[in-house]
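In case you want the letters, here they are:
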Amino acid sequence: TQVIIDRPEVRNALSRAVLDELKNCFEDLAGNQNLVAVTLSGRGEHCFAAGGALHQIKQTRDLDDARENATHASSALDAIRNCPVPVYALLNGDAIGGGAELAMACDVRLSARHARFGFAQSTLNIAPAWGGGSDLIRQLGSATAREVMASGRLLNAEQAQQAGVVQGLCPVDETFDEYWADYLRALGERRPQVVRAIKALTLAHRRGTSATTIRALEIEQMAQTW
C-alpha cells in the first residue's frame, strides 16, 4: 500500500491537517490483516517532506502551545512507528526538519540519489520534538546523532547512507520508482503473519523492551507462525 503526501506546491509541508490525515490513515491500515508493507513518499521529485507549516509555527506563542504542538505531531508519527507491518520511507526528495523526523519514524529509508536529509531544527534555534531525535539516536548512536542534530547540516544521499540513516540508495542506472519496486518485490512474496511477527520483534526493541521479554516474544511468534 502506498501513502503519498500530495502537497508539492508547499514542499509537502506537514501541517496539522496533514499530520491528522497521516495518523488516521496509518491507524486504519493497522487493521488490514492482509497488509504486508506500506510505503510513504511525497509527491514530486523535489521534496519528501518539509517540516511543520511555517504559518502555524509562527502562531506558537508560549510553552503550552509548543508542548501541545509537539505532542500532536509526535502522536501522528507514533501511528507510523506502531504500524504492525514495516513502513518504508521513499525519499523521493529532500527530508528536512520535521520531514527528517517523519522519515525516521519509518522502519526503513530508501533514497533517490538527489535527495538530501537533515535535522535543520537547530538552524532555527529549536530542538527536534516529534520523536525523531530519539529515533536518530537509536539508529546512529548518540555521538553521530548529536552531530547530525547539532550541526543542522544537510546530508546528501550517499552521506546519509554512510551515516546509517538510509538503508538503500538508488543505483545510477535505474529510476527511483524502478529501484524501490524491485527492492520490495521479495517482501511481497512473504506471508502477512510472518512479516508482522518480525515487525513485532523490531517494534519491541524500539520501545526498549527487555531482552528477556523480546526472547519470549520471539519464541511465541515462531510458534504462532508455525
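Residues numbered from 1 in each chain as written. Predicted model: local features only at pLDDT ≥ 70, side-chain atom pairs only at ≥ 80, totals over all residues. Heavy atoms only, no water.

(A) Broad picture of the packing of helix H3 (residues 63–81) against helix H4 (residues 98–105). For the pair H3 and H4, interaxial distance at closest approach is 8 Å and the crossing angle is 30°. Classed by the angle they form, the pair H3 and H4 counts as roughly parallel. Counting all contacts with H3, which are made through Leu 77, Ile 80 and Arg 81, the residues of H4 involved are Glu 101, Leu 102 and Ala 105. For the contact of H3 with H4, a count of residues per class yields four nonpolar, no polar and two charged. (Axes fitted to C-alpha atoms, helices over the stretch in contact; angles between N-to-C directions. Helix = DSSP H or I, 4+ residues; strand = E, 2+ residues; numbered from the N terminus. Parallel < 35°, antiparallel > 145°, perpendicular 65-115°, else oblique. Contact = heavy atoms within 4.5 Å. Nonpolar A, V, L, I, M, F, W, Y, C, P; charged D, E, K, R; others polar.)

(B) Geometry of the sheet that holds strand S8 (residues 155–156). If you walk across this open sheet you meet the four strands as S3-S5-S7-S8, and the pairing is mixed. Looking at strand neighbours, the two that pair on one side only are strand S3 (47–49) and S8, the edges of this open sheet. Looking at chain direction, strand S5 (residues 94–96) and strand S7 (residues 116–118) are connected through two bridges and run parallel. Each bridged residue has a counterpart across the sheet, and for Ile 96 the counterpart in S7 is Gly 118. Here H4 sits on the sheet in contact with S3, S5 and S7, set at roughly 100° to S5. (Pairing = 2+ DSSP bridges.)

(C) Layout of the packing of aromatic side chains. Per the stated rule, a full pass over the model turns up four aromatic pairs. Between Phe 117 and Phe 119 the ring centres are 5.9 Å apart and the planes differ by 55°, which places this aromatic pair in the tilted class. No difference in accessibility class separates Phe 117 from Phe 119, as the two residues are buried. Linked through ring pairs, Tyr 88, Phe 176, Tyr 179 and Tyr 183 together constitute an aromatic cluster. (Phe/Tyr/Trp six-rings, centres within 6.5 Å; stacked < 30°, edge-to-face > 60°. Buried < 20%, exposed > 50% of the residue type's maximum accessible area, 1.4 Å probe, protein only.)

(D) Geometry of the pairing of strand S2 (residues 38–42). In terms of burial, S2 is a largely internal element, five of the five residues being buried. Of the two faces of S2, the one lined by Val 38, Leu 40 and Gly 42 and the one lined by Thr 39 and Ser 41 are each fully buried. The parallel pair strand S1 (residues 2–5) and S2 is bridged by helix H1 (residues 16–29), and the resulting crossover is right-handed. As paired strands, S2 and strand S4 (residues 87–91) are joined by three bridges and run parallel to one another. For Thr 39, the partnering residue across the bridge sits in S4 and is Tyr 88. (Right-handed = clockwise from strand over helix to strand, strands pointing away.)

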